[in-house]
Amino acid sequence: MVFETRKSAESGTTWLALAITIGAWASAFPAIRAGLGGFGPLELGAARFAIAALPAALFLLITRPGLPRWGEAWRFVTGGLFFVCLYTILLNFGEQTVTAGPASFIINVNPIITALLAIALLGERFGLWSWAGTLLSFLGIGLIALGEGSAMQFDWGALLILGAALCNSITTVVQKPLFKTHKPLTVSASNMVLGALFLAPALPNAWVQSASASSEALFAAIYLGVVPSLVAYGSWAIVLSRLPASRASNFMYCVPPVATLLGFLWLGEVPSVLGIAGGVLALGGVALVNLKRA
């Protein structure tokens, strides 16, 4: 009975962490566009993770986690370099030319790449129904993109966003083994501190740009640092520590439908019929992947 109660509590924590991650990352795309109105792509990334790194560093100083073994150190560096620094730079530059719909379509190649890497490198299993659900969700994201009326033009910006998706996938698979010996929040805090250090050369320019940035851009930078970074990177680490990498990544197909819902509730942006159909397909695909695991 005690075991069942503990298992139920752990499952509840996983679902809560998933909900936080999805909600926070769904709001990141419009926040990035708002931030780019006052900051350059590099400068916005530097400001965002400087804000996130301060409390993350304080957390590490207070908790004093054990240092990683020599064979693990490169996995931590990968998180800071790929998941924070390169992902942020590529996504910010990509969003200069790619609108939200195509951007969400391209970035959601990530679960497919992650599943392939997890099968090859982590020995995870991803059955026929899981692949069917993944492809269904990907189709749904495509309909959401088309429903926004944005031309699906794949220019250099699209390639940069595709690179960001690859960075995310690489980090997910590389850091998955860390959760056997390190706490999730330790991993996420280390990612933010290391990533902020990699982005630090652009921080002086970010400070200069902040003097002339609009209040909207300043708020966007602060929001990005606190919610999609500090909070969501931590909740994502909790999810990844509890679920297989391929399955955890698949839940990211929930982000575009939630972003569409947030746009309706906050901004009064009424989704198109294609957008609604795409959202239903995306969520249906996630349900299909997890149906046999309930």
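Data block above holds the structure.
Residues numbered from 1 in each chain as written. Predicted model: local features only at pLDDT ≥ 70, side-chain atom pairs only at ≥ 80, totals over all residues. Heavy atoms only, no water.

Asker: Before we move on, can you summarise helix α8 (residues 156-175) with the specific residues and values?
Answerer: In this model α8 runs 29 Å from its N-terminal to its C-terminal C-alpha over 20 residues, within 8% of the 28 Å that 1.5 Å per residue would give. A large share of α8 lies buried, amounting to 14 of its 20 residues. (Helix = DSSP H or I, 4+ residues; strand = E, 2+ residues; numbered from the N terminus. Expected span 1.5 Å × (residues − 1). Buried < 20%, exposed > 50% of the residue type's maximum accessible area, 1.4 Å probe, protein only.)

Asker: Explain the side chain of Gln-175 to me, and be specific about the residues and the numbers.
Answerer: Within the secondary structure layout, Gln-175 lies in helix α8. Leave out the neighbours within four places in its chain, and Gln-175 touches Arg-75, Phe-76, Gly-79, Val-187 and Asn-191. (Contact = heavy atoms within 4.5 Å.)

Asker: Break down the pattern of salt bridges for me, with residues and values.
Answerer: Under the definition given, this model contains one salt bridge. Across the salt bridge formed by Glu-72 and Arg-69, the nearest N and O atoms sit 3.2 Å from each other. (Salt bridge = Lys/Arg side-chain N within 4 Å of Asp/Glu carboxyl O.)

Asker: So what's going on with the packing of aromatic side chains? Residues and values would help.
Answerer: Under the criterion given, the structure shown has eight aromatic pairs. Seen in terms of ring centroids, Trp-25 and Trp-236 are 5.7 Å apart; in terms of plane orientation they differ by 50°. Their pairing is tilted. Of the two residues, Trp-25 sits in helix α1 (residues 2-26) while Trp-236 sits in helix α11 (residues 215-242), which places them 211 residues apart along the sequence. Relative accessible area serves as the criterion here: at 12%, Trp-25 is assigned to the buried category. An aromatic cluster is present here, built from Trp-25, Phe-49, Phe-83, Tyr-87, Tyr-233 and Trp-236 joined pairwise through their rings. (Phe/Tyr/Trp six-rings, centres within 6.5 Å; stacked < 30°, edge-to-face > 60°.)

Just geometry here; none of it tells us what the structure is for.
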